[in-house]
Amino acid sequence: MSERINPVEPFLRMDRMPHIWCPGCGIGTVVNCFVRALLKTRADLNKVSVVSGIGCTGRIAGYFRVDSFHTTHGRSLPFATGLKMANPELNVWDFSGDGDLIAIGGNHFIHAARRNADLKVVCVNNFTYGMTGGQVTPTAPLHSLATTAPYGAFEKPFNLPFLADSSGAVYVARWTTYHVRQLTRSMEEIMTKPGFCFIEVIAPCPTAYQRRNRLGDGLEAMRYYKANSKVVHGADTRSVDIDLGGPIVVGKFVDRDRPTTLEAMRDELQKALGGKYVPYPTGVNR
Amino acid sequence: MKADPRGVLTGVHFLDGDHACCEGALAAGCRCAFGYPITPSTEVVERIAQRLPTVGGVFLQMEDEIASSIAIQGAAWGGKKVLSVSSGPGISLMMEHVGLAAMTETPCVFVNVQRAGPSTGLPTLVAQADMMQARWGSHGDYEVIALCPNSPQECFDLTVQAFNLAEIYRVPVMFMMDEAVGHMTERVVIPAADQIEVVERRRPAEPPSDTYALYRCEPGSRVPPMPPVGEGYRFHVTGLTHDERGYPVMNAEAQDRLVRRLVDKIRLAGPALERYEEYQVDDADVVLVAYGITSRVVQRSMQLARERGLKVGVFRPVVVWPFPERRLRELARQVKAFVVAELNLGQVVLEVERLACGTRTVLAPHAGGGLHAPEAILAQVEEVLR
Amino acid sequence: MASTSEVGDAPQAERKAKGTVFIHRERCKGCGFCVEFCPSGVLAPDKAFNRKGYHPPVVVSAEACTGCDLCGMYCPDFAIHGVRARVAGQEGCDEG
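For clarity, every value in this text was computed on a predicted model and none was experimentally measured.

## Structural notes on the interface of chain B and chain A
Taken together, the contact between chain B and chain A spans 40 residues of the former and 35 residues of the latter. Of all the secondary structure elements, the ones that give two or more residues to the side of chain B that touches chain A are β2 (30-35), β3 (58-61), α3 (65-77), α4 (88-104) and β10 (236-238) of chain B. In terms of residue count, the dominant contributor to the side of chain B that touches chain A is α3(B) (9 residues). Looking at chain direction, strand β2 (residues 67-70) of chain A and β10(B) are connected through 3 bridges and run parallel. When the sheet's bridge partners are listed, A:F69 is paired in β10(B) with B:V237.

## Focus: the sheet that holds strand β5 (residues 171-176) of chain A
Taken in spatial order, the 9 strands of this open sheet run β7(A)-β8(A)-β5(A)-β6(A)-β4(A)-β3(A)-β1(A)-β2(A)-β10(B), and their pairing is mixed. Only two strands of the sheet have a single partner each, and these edge strands are β7 (229-231) of chain A together with β10 of chain B. Sheet twist, expressed as the average angle between the axes of neighbouring strands with direction ignored, equals 20°. One ladder, built from 6 bridges, connects strand β4 (residues 120-125) of chain A with strand β6 (residues 197-202) of chain A; its direction is parallel. Pairing of A:K120 across the sheet is with A:C197, part of β6(A).

## Looking at the packing of helix α1 (residues 27-40) of chain A against helix α7 (residues 180-191) of chain A
Residues and elements named next belong to chain A. Contact geometry of α1 with α7 gives a least axis separation of 8 Å together with a crossing angle of 50°. For the element pair α1 / α7, the angle class is oblique. Once α1 is placed against α7, the crossing between them reads as right-handed. Across the interface between the two elements, T29, C33, F34, R36, A37 and K40 of α1 pack against V180, L183, T184, M187, E188 and M191 of α7. Here the residues of the contact of α1 with α7 are counted per class, giving 7 nonpolar, 2 polar and 3 charged.

## Re the domain arrangement of chain B
Residue and element names in this part refer to chain B. Under the domain assignment, chain B is made up of domain 1 (5-195) and domain 2 (276-385). The distance between the C-alpha centroids of domain 1 and domain 2 comes to 27 Å. Across the boundary between the two partners, domain 1 contributes 22 residues, which contact 21 residues of domain 2. The element that contributes the greatest number of residues to the side of domain 1 that touches domain 2 is helix α5 (residues 131-136), accounting for 4 residues. Of the residues belonging to the side of domain 1 that touches domain 2, the class tally is 17 nonpolar, 2 polar and 3 charged.

## Describing the interface of chain A and chain C
Taken together, the contact between chain A and chain C spans 22 residues of the former and 21 residues of the latter. Going through the elements one at a time, α1, α7 and α9 (218-228) of chain A are the ones with two or more residues in the side of chain A that touches chain C. Ranked by residue count, the leading element in the side of chain A that touches chain C is α1(A), at 6 residues. Here the residues of the side of chain A that touches chain C sort into 11 nonpolar, 8 polar and 3 charged.

Rules used in this analysis
- Residues numbered from 1 in each chain as written.
- Chains lettered and ligands numbered in written order.
- Predicted model: local features only at pLDDT ≥ 70, side-chain atom pairs only at ≥ 80, totals over all residues.
- Contact = placed C-beta atoms within 7 Å.
- Helix = DSSP H or I, 4+ residues; strand = E, 2+ residues; numbered from the N terminus.
- Pairing = 2+ DSSP bridges.
- Axes fitted to C-alpha atoms, helices over the stretch in contact; angles between N-to-C directions.
- Parallel < 35°, antiparallel > 145°, perpendicular 65-115°, else oblique.
- Left-handed = near helix turned anticlockwise from the far one by under 90°.
- Nonpolar A, V, L, I, M, F, W, Y, C, P; charged D, E, K, R; others polar.
- Domains from an automatic or database assignment.

Here you go:
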């Protein structure tokens, strides 16, 4: 009976299972939601590309049975930008962790959003560099513990929805791995939305972040998300900072439209060059 | 295969090396480039930004050289022939991604219009001090191909070769210009498109299937065909050590198998990658070894030497990496000495010394910022022959 | 309500079950999400271990299952999923 087969299996390289993620890690949940979004939107899997950086979240690319690219630390977005620009028909997704995307990748993040590169970006934010054992990241809540902040993080963290919003992303949402239906729905929404679409997913890292901060295991984290999340669609992104022990504002905060990089390029070049411009496909059907 | 005429600016032009390089890229079929400004390379991307949209291509200035050096690789996997350009500090930033391209076998061209370093150095002035970096600059064991043009004409011709070599060997090709050649304006003849040979990417012969393996080579070949994205091959590319399927495999056996092949595809390429020029070496007592702009300076030194009755020849590597070992070893057996003239304090001379196997090898150094005076090199020759 | 006519033939208890879960016991790493977040209390941790030493879920309340697939969406190890099924009951797979 085909219904006995877990729905993710046709989408994954099952010859590489079991995956490397820890018990209670939220990344597998993100995979489940993405698969269901692909199913629901009937996405053409030949045209879906997954690009990732380095880290636990970055391993997503290796498990998906699509054209996938496991690039260098922090540099998945410029790779994805090049991939999409060379081949605008592709549906390019980027899965990266908070350290990869926002620390070393921070500059690329703000520019990709600024230029509205037509990319779907999912940041799995577990407030840590999990793969390397739990170092501090730019999203780690103030006073949280990490191996490289053993007395407590003392830098104010980035508020990712605000960062994405102020950099120009056309879609900004935050969910936790507790909010599987909403997360799936957001992924469906951005599947065909042109432009830089960003979803932050708060997820447990039971082995590093949860353990070092005595916050319990993955289940404890999920209970926390359930009890302390507040859905505020359209919230002002300036107001959705996350503090240790505090509420987590989730929801769809930004959903707007503006020309993608290739559309803006085409418009500008057409104006300037007229007949000399050889139109370049944008991959967008509006 | 012949070049696409839409990218070929056929005619007789008066161009500097940077501009000629851009035209070479277009003639080779480059339709996608990402770059960042840095003296003395900026003109390459400026011209690319102007020209690409008129030939159906796309250029984007990225936020930094790191982004440029990996955006081109995304674009290469997206199906395009690609190039990025930089100098000194920017090339250093790009080094991680040179290694990525080597590891993932991504065809791409990195143009380095060399200037004096280290660090910010002399941004507007010539040097040739990045030669070892071109080969060893990224971490780990890998091989690249590096070419050294010595004229704007060659900046056109050899750029086409660079793209072809990138496609044949699936490596990053380091196009080692220098500021003198880049900013020198000379006659550049661009032939008709049907006079220009370009190499297209080799696609897999087999259709997509469950048994398709991204890095499986045909028997006797060390270079696997490269699949197109978006057509169902469903491949995985990773910078991690991987097997034939492209899947990460974390052990010494997989490492040995993969890295040896990456290195051997260049080291064992043989005559296919030997490109050099020789002048009057047959009877030479001393052979001057030089590349790039210095290979033109030593022509004068050789002329002056011959006028004085000294038997001097010139050996000019055009492909510097892999270094033309076989020929250098042959010459070592017949000459009294090599004088290596380079705009650095001793880089390619180390290769010559290694291969000379005891034949006297002397460096004519220059820290950069200008060119050797031909007489200074001649003085080194006279010193050697004393 | 059930989605196919076959359920009309089933006994009363089974007609209430709108869904079925499929569990891959050997994939489970015992995170507890499915047991916790099943809205219908269908699952509980097995007293027995799987080969990795974890307690996979077992169905303790089959008739309550709606096939909502929340368990499947949560499971980080792809070890369980729900389908809106025609026949009530649990199906277990013992493959690894």
